[in-house]
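Residue-level listing of the chains:
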Amino acid sequence: MDVKDLPTPAYVVDEDKLIKNLEVLSALQNATGCKILLAQKAFSCFHYYPLIKKYVCGATSSGLYEARLAAEEMGGENHVYSPAYTDAEFDEIAGLCTHIVFNSFAQLKKFHSRAAGKSLGMRVNPQCSTQKTSAYDPCAYGSRLGVVSSAFESEYLPLLQGLHFHTLCEQSAEDLKTTLTAFEKNFGKYLKGMKWLNVGGGHHITKEGYNIPLLEKLIDGLQQKYGVTVYLEPGEAFALNAGYLVAKVLEIVKNDIYVAILDCSAECHMPDVLEMPYRPPLFGSGEAGEKKYLYRLSSRTCLAGDVIGDYSFDAPLKEGDVLVFGDMAIYTMVKNNTFNGMPLPAIIGKKGEKYHIIKTFGYEDFKGRLS
Ligand SMILES: *Cc1c(COP(=O)(O)O)cnc(C)c1O
């Protein structure tokens, strides 16, 4: 099967690239003795969970459904953190998970007696912003995420085996270092006698240029100073640049500029393009104005703003042309939707030069979540 013969739209997961990322993560575990978990929120493509499990310790979940998916498809350590657990879900979560992280002392008090034998932790908020986008900053003003130092109820420390913080998004080891200074100042004293410290996700470990030696140094330092096991739970770093979204040109219209209508949608299939927002990389294209032929790439939904971006090409686009967007494994399959009755992209695996269809979706997937 050639890329031109794939059903479109389709997410393609590049297994070789995924393995390259997994090797980087597993090398970090080996070098430091830290433990790495897949944050399923970014990438829940469970077809690859058995592969991922060969390299890391397990997964982390944001609630019952992810916890169940990890238990069914991955095994190993299964951590969970939720800003608030529900009474109805908690017992099942406690049955599935090895580590349970709470977001407040009220939640700990409410549920700890129903989690006997589990390793319990508290998410804290170091109140140290190292990024500018407040939507991705758990340390922003008014954040609900994590206990701030003034609200820490140290009399409940005996119930806790670990602390957790998550403050980064696509960030460097230098930003982790800055965060650790703030964390240690306010919460370091509570780590005495604890088993683990989870430093969350948002570490762009598999990105070119990431300072892995510094990360290793920080992890070593924490483990030696406090006698804890350090956990990292990246999502994005697992499948960074390990997937594509393949789409076809359906029509070209002209109104002020040339607009190509594709069979994929930013709104439905790559929502972060509109939410973050960002301009996804597209193979064989240039910035607007860089190459001779300029097109606005858009979708066949009715939403005027369902625009992927302006791209230029060496040759005019035509009906049937196949376009391949890059870095489409993370925060795509887990966030897509069938707005406007759009079909969901197929999920396809690529190994070497060979493609294989993992799953296709149809009308029943659209109808199944409506009534
Ligand atoms: C989102 C999230 C992660 C993963 O973040 P990435 O940016 O995908 O690495 C890990 N832990 C928590 C608590 C999160 O909310």
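Let me begin by describing the structure that accompanies this report.

Cut-offs applied
- Residues numbered from 1 in each chain as written.
- Predicted model: local features only at pLDDT ≥ 70, side-chain atom pairs only at ≥ 80, totals over all residues.
- Heavy atoms only, no water.
- Near = heavy atom within 4 Å.
- Polar contact = N/O pair within 3.5 Å; in protein donor to acceptor, adjacent residues only side chain to side chain.
- Areas by Shrake-Rupley, 256 points an atom, 1.4 Å probe, with all protein chains shown as cover.
- 1 Å grid on protein atoms, 1.4 Å probe; cavity = no way out; pocket = protein on both sides within 12 Å on 5 of 7 lines; lining within 4 Å.
- Sits in = over half its atoms within 2 Å of the grid points.
- Patch = residues over 30% accessible without salt bridge, like charges linked within 9 Å, V, L, I, M, F, W, Y side chains within 5 Å.
- Salt bridge = Lys/Arg side-chain N within 4 Å of Asp/Glu carboxyl O.
- Helix = DSSP H or I, 4+ residues; strand = E, 2+ residues; numbered from the N terminus.
- Buried < 20%, exposed > 50% of the residue type's maximum accessible area, 1.4 Å probe, protein only.
- Contact = heavy atoms within 4.5 Å.
- Pairing = 2+ DSSP bridges.
- Axes fitted to C-alpha atoms, helices over the stretch in contact; angles between N-to-C directions.
- Right-handed = clockwise from strand over helix to strand, strands pointing away.
- Phe/Tyr/Trp six-rings, centres within 6.5 Å; stacked < 30°, edge-to-face > 60°.

**What about the site of the ligand?**
In the vicinity of the ligand there are 13 residues, among which Lys 41, Gly 202, Glu 233, Gly 235 and Tyr 331 approach most closely. Taking Gly 235, its main chain carries an N or O atom lying 2.9 Å from an oxygen atom of the ligand. Contacts to the ligand include Glu 236, whose backbone N or O atom sits 2.9 Å from an oxygen atom. Protein burial of the ligand: of its 390 Å² of free accessible surface, 88% is covered by the chains. When atom positions are compared with the pocket grids, the ligand is found to occupy the largest pocket.

**Concerning a nonpolar patch on the surface**
A grouping of Leu 274, Leu 303 and Phe 339 is seen on the molecular surface, where their side chains present a nonpolar patch of about 220 Å² in accessible area. One can find Phe 339 in the loop between strand E14 (322-326) and strand E15 (346-351). The partly exposed category is assigned to Phe 339, whose relative accessible area is 37%.

**Concerning the pattern of salt bridges**
Counted by the stated rule, this structure contains 14 salt bridges. With its nearest N and O atoms 2.8 Å apart, the salt bridge here joins Glu 77 to Lys 35. Residue Glu 77 is located in strand E4 (residues 77-81), and its partner Lys 35 is located in strand E2 (residues 35-39); the two are separated by 42 residues in the primary sequence. When its relative accessible area of 14% is taken as the criterion, Glu 77 is described as buried. In this structure Lys 35 comes out as partly exposed when scored by relative accessible area, which is 27%.

**What about helix H3 (residues 64-73)?**
Every buried residue of H3 is listed here: Leu 64, Glu 66, Ala 67, Leu 69 and Ala 70. If you follow the buried residues of H3, they end up packed against helix H2 (49-53), strand E3 (58-61), E4 and helix H4 (87-96).

**Points about the sheet that holds strand E9 (residues 229-232)**
The sheet built from eight strands closes into a barrel, its strands ordered E2-E3-E4-E5-E6-E7-E8-E9 with parallel pairing. Sheet twist, expressed as the average angle between the axes of neighbouring strands with direction ignored, equals 25°. Pairing of E4 with strand E5 (residues 99-102) involves three bridges; the strand directions are parallel. Bridging from a neighbouring strand, His 79 pairs with His 99 of E5. Together, E3 and E4 form the strand contacts of H3, whose direction differs from that of E3 by roughly 165°.

**Focus on the side chain of Asp 272**
Note on placement: Asp 272 falls in helix H10 (residues 272-275). At 2.7 Å, the side chain of Asp 272 forms a polar contact with the side chain of Lys 335. Excluding residues within four positions of it along the chain, Asp 272 makes contact with Tyr 136, Pro 277, Tyr 278, Tyr 331 and Lys 335.

**Some remarks on the pairing of strand E1 (residues 10-14)**
Buried residues dominate E1, accounting for five of its five residues. Of the two faces of E1, the one lined by Ala 10, Val 12 and Asp 14 and the one lined by Tyr 11 and Val 13 are each fully buried. Here E1 pairs with E15 via five bridges, running parallel. Among the inter-strand pairings, Tyr 11 is bridged to a residue of E15, identified as Ile 347.

**Some words on the pairing of E4**
Judged by how many residues are buried, E4 sits mostly within the fold: five of five residues are covered. Across four bridges, the pairing between E3 and E4 is parallel. Residue pairing in the sheet places Thr 60 in a bridge with His 79 of E4. Between E3 and its parallel partner E4, the chain crosses via H3, and the hand of that crossover is right-handed. You can see the chain leave E4, run along H4 and come back into E5, and the turn it takes is right-handed.

**Things to note about the side chain of His 269**
Structurally, His 269 is set in helix H9 (residues 266-269). Of the residues examined, His 269 reaches a relative accessible area of 0% and is grouped as buried. The contacts of His 269, once residues within four sequence positions are left out, are Pro 9, Tyr 11, Leu 245, Asp 263, Cys 264, Thr 332, Asn 336, Asn 337, Met 342, Pro 343, Leu 344 and Pro 345.

**Focus on unusual backbone geometry**
The phi angle of most residues is negative, glycine excepted, and most peptide bonds adopt the trans form. Cis rather than trans, the peptide bond between Thr 8 and Pro 9 has omega equal to -5°. A cis geometry characterises the amide bond from Met 276 onward to Pro 277, with omega recorded as -20°. Of note, the phi angle at Asn 241 is positive, near 55°, even though the residue is not glycine. As for its placement among the helices and strands, Asn 241 is situated in the loop between helix H8 (236-239) and strand E10 (243-255).

**Comments concerning the packing of aromatic side chains**
Applying the stated criterion across every chain yields a total of 18 aromatic pairs. A centroid spacing of 5.5 Å and a plane angle of 75° characterise the contact between Tyr 85 and Phe 90, whose relative ring orientation is edge-to-face. Since its relative accessible area comes to 0%, Phe 90 is described here as buried. Arranged with centres 5.0 Å apart and planes meeting at 40°, the rings of Phe 165 and Phe 183 form a pair that is tilted.

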